[in-house]
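Structural features, examined
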Amino acid sequence: MLIAYRARAALAGIVSLLGACASVSTLPADPFQQYHAAIVELAASADRALAAEQELAYERYVRSVRSPDVIADLQLQPDPEGSVFDMKAGEVPLFADIEAARTQLEALHALVEEYAGFLLTLSGGGGTSLAVDAETLASELRSGSESLAASLAFEPGVDDGWFFGFGVLAQEYVESQRRESLIDLLESADDEMRALAELGRRISLLSAAGLQAEYAASFGARTQGANELSEKDLQEVTADILELNVQTLRQLGLLEQLHDAYGALPGAHLELQRAVETGSDVSLTALLSYVESLKASYRSFSEE
């Protein structure tokens, strides 16, 4: 699922980054390694947890069907806003919304991971000598961010557009190997990191709202005609509702963890700047703790 960081060695405008440069080797590489590893694990943990949630939502949706009208709503119809190749159902169940959210998060994580991989290379923490096409990378980050923001109707508070001037600053650092140039590069992406974090938080909030709407529909379907049920059937419905409550609250808790994890991204980015400025290691405790929580949530879902 994830897009690995790609070195581009044969393109015009390539700038070389040699791991043996003295000024690079004096940078604390650990924070950049932690940042990159946390981003990779955040993406993997989030997708695993949402995949488990999607499966639960699917099973719950199927069990909640009580009327043939629901099945009729699932019939695919021509999409009036699309082409002859496009169709869509009249009703989009929660599990389909979760799948869409996973796709959006995949795009978000690919962007942040590529950025983190680039920073890791600049810090000398990747352990290899690479050639970096900074301008091409900046262009890809820009177009990917714009596309994701447009899909969510999100207007970022980013001056001059996404990653404006990022490629130029990156090239300046690679050529000069000056610590101040790397600080300028990191600072230039502050607004982007805040905006990307806000996109992740927005996806989490939209998913939570969808989950609450689906809960209300499931509760209504399962309790319909409850006054006419036998004592045994009523007990079964009660047990079903209690299970529904537990699953829903746990899913909301997972989405809250995702929401908070994205909120920790800008702070972790600022810690990288502090590491460069002071030449000392820093701890990305908040981001790493959220990643560990997501891993625990996935294990909890998978044990069901």
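Our subject is the structure that appears above.
I will try to describe carefully the structure that is included in this document.

Analysis parameters
Residues numbered from 1 in each chain as written. Predicted model: local features only at pLDDT ≥ 70, side-chain atom pairs only at ≥ 80, totals over all residues. Heavy atoms only, no water. Helix = DSSP H or I, 4+ residues; strand = E, 2+ residues; numbered from the N terminus. Buried < 20%, exposed > 50% of the residue type's maximum accessible area, 1.4 Å probe, protein only. Contact = heavy atoms within 4.5 Å. Areas by Shrake-Rupley, 256 points an atom, 1.4 Å probe, with all protein chains shown as cover. Axes fitted to C-alpha atoms, helices over the stretch in contact; angles between N-to-C directions. Parallel < 35°, antiparallel > 145°, perpendicular 65-115°, else oblique. Nonpolar A, V, L, I, M, F, W, Y, C, P; charged D, E, K, R; others polar. Core = buried A, V, L, I, M, F, W, Y, C linked by side-chain atoms within 4.5 Å. Phe/Tyr/Trp six-rings, centres within 6.5 Å; stacked < 30°, edge-to-face > 60°. Polar contact = N/O pair within 3.5 Å; in protein donor to acceptor, adjacent residues only side chain to side chain. Arc of directions from axis to C-beta.

1. Points about the overall build of the protein chain
Regarding its fold elements, the protein chain presents 11 helices and 4 strands. Residues counted as buried form 41% of the 304 residues belonging to the protein chain. Relative to all contacts within the protein chain whose residues are 6 or more apart in sequence, the contacts with residues 24 or more apart total 82%. Total accessible area on the protein chain stands at roughly 14800 Å², and carbon and sulfur atoms take up 54% of it.

2. Comments concerning the packing of helix 7 (residues 179-188) against helix 10 (residues 265-278)
At their nearest, the axes of helix 7 and helix 10 sit 10 Å apart, and the two run at 170° to each other. In terms of orientation, helix 7 lies roughly antiparallel with respect to helix 10. Residues Arg179, Leu182, Ile183, Leu186 and Glu187 of helix 7 lie in contact with helix 10, whose contacting residues are His269, Leu272, Gln273, Val276 and Glu277. Among the residues making up the contact of helix 7 with helix 10, the classes are represented as 5 nonpolar, 2 polar and 3 charged.

3. Considerations on the nonpolar core
Ranked by internal contacts, the top residues of the largest apolar core, which has 66 residues, are Tyr35, Tyr115 and Phe166. The leading source of residues in this core is helix 4 (residues 94-123), at 14 residues. Not counting residues within four places of it along the chain, the set of residues in contact with tyrosine 115 comprises Tyr35, Leu141, Phe163, Phe166, Leu186, Ala189, Met193 and His269.

4. So, the packing of aromatic side chains
Counted under the stated rule, the structure contains 6 aromatic pairs. What links up through ring pairs into an aromatic cluster is the set Tyr115, Phe118, Phe163 and Phe166.

5. Brief notes about unusual backbone geometry
One non-glycine residue, alanine 153, lies in positive phi territory at about 50°. Among the secondary structure elements, alanine 153 is positioned in the loop between helix 5 (134-151) and helix 6 (166-176). Exposure remark for alanine 153: the relative accessible area of 64% places this residue in the exposed category. We note that phenylalanine 163 has phi near 50°; this positive angle belongs to a residue other than glycine. Counting through the fold element by element, phenylalanine 163 comes out in the loop between helix 5 and helix 6. Looking at phenylalanine 163, the relative accessible area reads 2%, which means it is buried.

6. Describing the side chain of glutamate 192
With respect to the secondary-structure elements, glutamate 192 resides in helix 8 (residues 190-223). Polar contacts involving the side chain of glutamate 192 include one to the main-chain amide nitrogen of phenylalanine 163, which spans 2.6 Å. If we ignore the near neighbours within four places in the chain, the residues touching glutamate 192 are Val158, Gly161, Trp162, Phe163 and Phe164.

7. A closer look at the environment of serine 143
Along the chain, the position of serine 143 falls in helix 5. Linking serine 143 and leucine 111, residues 32 residues apart in sequence, is a C-alpha distance of 9.9 Å. Within the structure, the side chain of serine 143 is placed 3.2 Å from the backbone oxygen of glutamate 140, a separation counted as a polar contact.

8. Focus on the environment of glutamine 77
Take glutamine 77: it is sitting in strand 2 (residues 76-78). Residue glutamine 77 is classed as partly exposed on the basis of its relative accessible area, which comes to 38%. As a C-alpha pair, glutamine 77 and lysine 88 span 11 residues in sequence and 5.4 Å in three-dimensional space. Sequence-distant contacts of glutamine 77, that is, excluding residues within four places in its chain, are made with Asp86, Met87 and Lys88.

9. Some remarks on helix 6
Among the residues making up helix 6, those that are buried are Phe166, Gly167, Ala170, Tyr173 and Val174. Along the axis of helix 6, the buried positions cluster into a sector of 125°, meaning they face one direction only. Positive backbone phi, approximately 55°, marks glutamine 177, located one or two places after helix 6.

Coordinates in, geometry out; function isn't part of it.
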